[in-house]
Amino acid sequence: MIRSQLPLIITFFTGMLLIITFFIPHKPFGDLEQRFLIWYSIISGFTVLLGLDSLVRYHLTKLKREFNIHSLILLFSLFLTLILGFYSWFKFKTPFALNSPFMYLYTYVIIPLQATMFALLAFFIASAAYRAFRARTFEATLLLIAATIVMLGRVPIGSYIWKGIAYLISSIFPKIPYEELAKKEIFALISDWIMNVPQNAAKRGIFIGTALGGIAMSIRIILGIERTYITK
Amino acid sequence: MKDIWTKLATIDRRIIYLLVFLVVSLPMIFRMIMPIRVSSEVKMAFSEIDNLKPGSIVMISIDYDAASEPELQPMLIGILRHCFSKDIKVILLGQWALGLPLGEIALNQVAKEYNKRYGEDYVNLGYRPGYTALMVGIGKEIRDFFPTDYKGIPIDSFPFMRKVRNYQQIDILVGLEAGATGDAWVQFAGARFNQKIILGTTGVVAPDMFPYLQAKQIVGLIGGLQGAAEYETLVRKAGSAILGMPAQSFVHLLIIIFIIIGNIGYFILRKRK
Amino acid sequence: MILNIIGTWLAATLTLAIFSFLYKDNPFYKLAEHIYVGVSAGFWVIYVWSFDIKPMLIDRFITTTGVEKWILLIPAILGILMLTRWFPKTAWISRIPLSFTIGIGAGLGVTASIQGFLIPQIGATLLPLTTINNILLVIGVISTIIYFYFSKEFKGTWKFFSRLGIIFIMVAFGASFGYTVMARISLLIGRIYFLLHNFLHIIP
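Throughout what follows, the structure given in this document is the object of discussion. Because the structure is predicted, anything quoted here is derived from the model rather than measured.

1. Quick look at the packing of helix 2 (residues 29-65) of chain A against helix 4 (residues 73-82) of chain C
So, step 1. Look at helix 2 of chain A against helix 4 of chain C: their axes get within 8 Å of each other, and the N-to-C directions meet at 20 degrees. Judged by the inter-axis angle, helix 2 of chain A sits roughly parallel to helix 4 of chain C. Seen along the crossing, helix 2 of chain A lies across helix 4 of chain C with a hand that is right-handed. Contacts between helix 2 of chain A and helix 4 of chain C pair A:Trp39, A:Ile42, A:Ile43, A:Gly45, A:Phe46, A:Thr47 and A:Leu50 from the former with C:Ile74, C:Pro75, C:Leu78, C:Gly79 and C:Met82 from the latter.
So, step 2. The residue makeup of the contact of helix 2 of chain A with helix 4 of chain C, split by class, is nine nonpolar, three polar and no charged.

Following this line, the structure appears as structure tokens:
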């Protein structure tokens, strides 16, 4: 009973309270909502600690089985970070003082590691564009053209290329003056139009759908119809 | 013996990587600069801040981390320069824990440039978990979530913070976004509390924000490194974004050439089969 | 000063270790990867301490008086109950704080999606059909919704609209792809700038 029903009752109560407060923000709802929001923030912090246990446990068991430099390094860097963090907190009152050892670790270890991990994606996306971006069908061609125009329209080189094209056009058709044509920045203009009209329309359509889905899901959760979160 | 088309259709990925590396590095080594065309959505963001009176308050939320630092950090620096040059007060906070120190680094750097003092001209509130609750909660009272700044100093000890109670005292909220936090700012702070919002986002997030821009749920949008370069152009102080744009340009061109070569190779080989 | 130089060397070494993955998976990359996971996990703990437990619970417990002080025990206990997930036997207890956060999340989500998204977005689509762009925007939104969310077999007008929907969606995906390329390249520019500027001092 407690195991399965209590969580459902709590979810129903808190969910409904927040919806009611939205319409009636006065006492007692408003104050209770604010209190619950603060609690939510506090409790959310603890969820972060959940992953820590499995991470440490996994690497400790791995180490116990046989010596493994990677697990050792991982645990060592974790504890070093903790030591430096708490030391900085004692010494500087906040670990986030720019001259603290903790921030040293952030600047020279976290930033390069995290930033470089994501910088790798630049190479992968270039390679994927070459390998997989084929105009096989009408739809794929459309996608390709839109991507190309946006890629040219959103960087300065697009205007240089357009100037080149304008020069070509005006030398073939001398009646069209080069100066005026070059000023048009066609790639940027088309790119802006794509972003503001067709792109915008499709995104809105997609997001309206996902919002409806999200609302339905939230209502199902509040009413206790969707309860996978307590069975997992 | 492979013919040229087969070769073009099957370039080794490492050659592609090397070319990308060179095309990024060379324009930077030769310090190329290209003129930046400013888009209307960035101009809108700039004018909103530009029209604020001295003493107004801008709240900036660091909702990114080192993974998108090259795109969003120059935006933050550009906006801080703009605010400080106009004597606008800045409240910094962050919803992405791993990125918050980036905000502190930028604040320190730009505050020195403009002789701004902590607590008088700007504060850094820090981070709290559970951003949706926080966004609604500070609509009522900011002290319920941030009784102190990131160093643990009570915010009421800072003169300009004493009058700040909730969104009503914040003239513009700037969200620097690498994920879904921007949607939350719009849907909670914007819709529920009528907070004026400008979003600066990574290139990945920017397209998804256009519906908000067209619906006037946000009053400006700065997208990706190009957006950052546009903002730098408007505040007339070149930074890492303007410096990066030529490299960005050439890599785009390189990728387009890759796509064309890949397709030519593909179609010729398919025809033969 | 010397510490900064050592730091820059450390950062450059780690940067190159990650980049070495481009050639192939290797021990240097693996090492850097494990350092990253370890350090960021530690970082999170410090965050929870200095931005959650310390200011929101401990400091508040010290500064408040009366009933308010003792009410703070509720979120503290709920937070600790969350950690019962660490042990299989007691894991079910964590459902209690979990259901609290899920209830709040769902309650906030419902109202935000309606007031903060659906109403303003639909409102912004109800445009006077006086310009081509307005007409395209309205048709684009409707046809995308038709394509995505009506799972029936399309015929006649429906088929036309769903086909139109695909066109809009493909243009949108193309545009998003273009922006994504832009974003990824920018990240690489940032890293190479670090190597050329901070580490090698080739560029000012």
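Text resumes after the structure shown.
2. Brief notes about the nonpolar core
So, step 1. Of all hydrophobic cores here, the largest spans 198 residues; its most connected members are A:Ile110, A:Ala126, B:Val58 and B:Leu80.
So, step 2. With 19 residues, helix 7 (residues 156-199) of chain C is the single largest residue contributor to this core.
So, step 3. Beyond its immediate stretch of four places on either side in the chain, B:Leu80 contacts B:Val90, B:Ala106, B:Leu107 and B:Val110.
So, step 4. Counting six residues, the second-largest nonpolar core is a separate cluster that includes A:Ile221, A:Ile222, C:Leu98 and C:Ala106.

3. Some words on the interface of chain C and chain A
So, step 1. Facing 93 residues of chain C, the contacting portion of chain A comprises 95 residues.
So, step 2. Those elements that place two or more of their residues in the side of chain C that touches chain A are helix 1 (2-19), helix 2 (27-63), helix 4, helix 5 (95-125), helix 6 (132-149) and helix 7 of chain C.

4. Some points on the packing of helix 4 (residues 101-132) of chain A against helix 7 of chain C
Relative placement of two packed helices is described by the angle separating their axes and the distance separating the axes.
So, step 1. Close contact between helix 4 of chain A and helix 7 of chain C brings their axes to 8 Å; oriented N to C, the two are set at 130 degrees. Comparing their axes, helix 7 of chain C and helix 4 of chain A come out oblique. As helix 4 of chain A packs across helix 7 of chain C, the resulting crossing turns out to be left-handed. Counting all contacts with helix 4 of chain A, which are made through A:Ala115, A:Thr116, A:Phe118, A:Ala119, A:Leu121, A:Ala122, A:Ile125 and A:Ala129, the residues of helix 7 of chain C involved are C:Thr180, C:Val181, C:Arg184, C:Ile185, C:Leu187, C:Leu188, C:Gly190 and C:Arg191.

5. Observations concerning the interface of chain C and chain B
So, step 1. Contacts between the two partners involve 37 residues from chain C, matched on the other side by 48 residues from chain B.
So, step 2. Residue assignment for the side of chain C that touches chain B shows that the elements contributing at least two residues are helix 2, helix 5 and helix 7 of chain C.
So, step 3. Per-element tally for the side of chain C that touches chain B: the top contributor is helix 7 of chain C, with 16 residues.
So, step 4. A per-class count over the side of chain C that touches chain B returns 27 nonpolar, nine polar and one charged.

6. What to know about helix 6 (residues 157-172) of chain A
All names here are of chain A.
So, step 1. Helix length check: helix 6 (16 residues) gives 23 Å between terminal C-alpha atoms against 22 Å at 1.5 Å per residue, within 8%.
So, step 2. For helix 6, the set of buried residues is Gly-158, Ser-159, Trp-162 and Ala-166. Each buried residue of helix 6 sits inside an arc of 85 degrees when the element is viewed along its axis, so together they form one side. Exposed and facing more than 90 degrees away from the buried side of helix 6 are Gly-164, Leu-168, Ser-171 and Ile-172.
So, step 3. Buried positions along helix 6 lie against helix 5 (138-153), helix 7 (178-183) and helix 8 (186-196).

7. Examining the sheet that holds strand 6 (residues 221-223) of chain B
Residues and elements named next belong to chain B.
So, step 1. Taken in spatial order, the six strands make up an open sheet running 3-2-1-4-5-6, and their pairing is parallel. Each edge of the sheet is formed by a strand with only one pairing partner; in this case those strands are strand 3 (122-127) and strand 6. Averaged over all neighbouring strand pairs, the angle between strand axes comes to 15 degrees, with direction disregarded.
So, step 2. Relative to strand 3, strand 2 (residues 89-94) is paired through five bridges, and the arrangement is parallel. Bridge assignment links Leu-93 to a residue of strand 3, and that residue is Gly-126.
So, step 3. This element, helix 8 (residues 206-214), spans strand 5 (197-201) and strand 6 of the sheet and lies at about 170 degrees to strand 6.

Conventions and cut-offs
Residues numbered from 1 in each chain as written. Chains lettered and ligands numbered in written order. Predicted model: local features only at pLDDT ≥ 70, side-chain atom pairs only at ≥ 80, totals over all residues. Axes fitted to C-alpha atoms, helices over the stretch in contact; angles between N-to-C directions. Helix = DSSP H or I, 4+ residues; strand = E, 2+ residues; numbered from the N terminus. Parallel < 35°, antiparallel > 145°, perpendicular 65-115°, else oblique. Left-handed = near helix turned anticlockwise from the far one by under 90°. Contact = placed C-beta atoms within 7 Å. Nonpolar A, V, L, I, M, F, W, Y, C, P; charged D, E, K, R; others polar. Core = buried A, V, L, I, M, F, W, Y, C linked by C-beta atoms within 7 Å. Buried ≥ 20, exposed ≤ 12 C-beta atoms within 10 Å, placed from the backbone. Expected span 1.5 Å × (residues − 1). Arc of directions from axis to C-beta. Pairing = 2+ DSSP bridges.

Read these as geometric descriptors, not functional statements.
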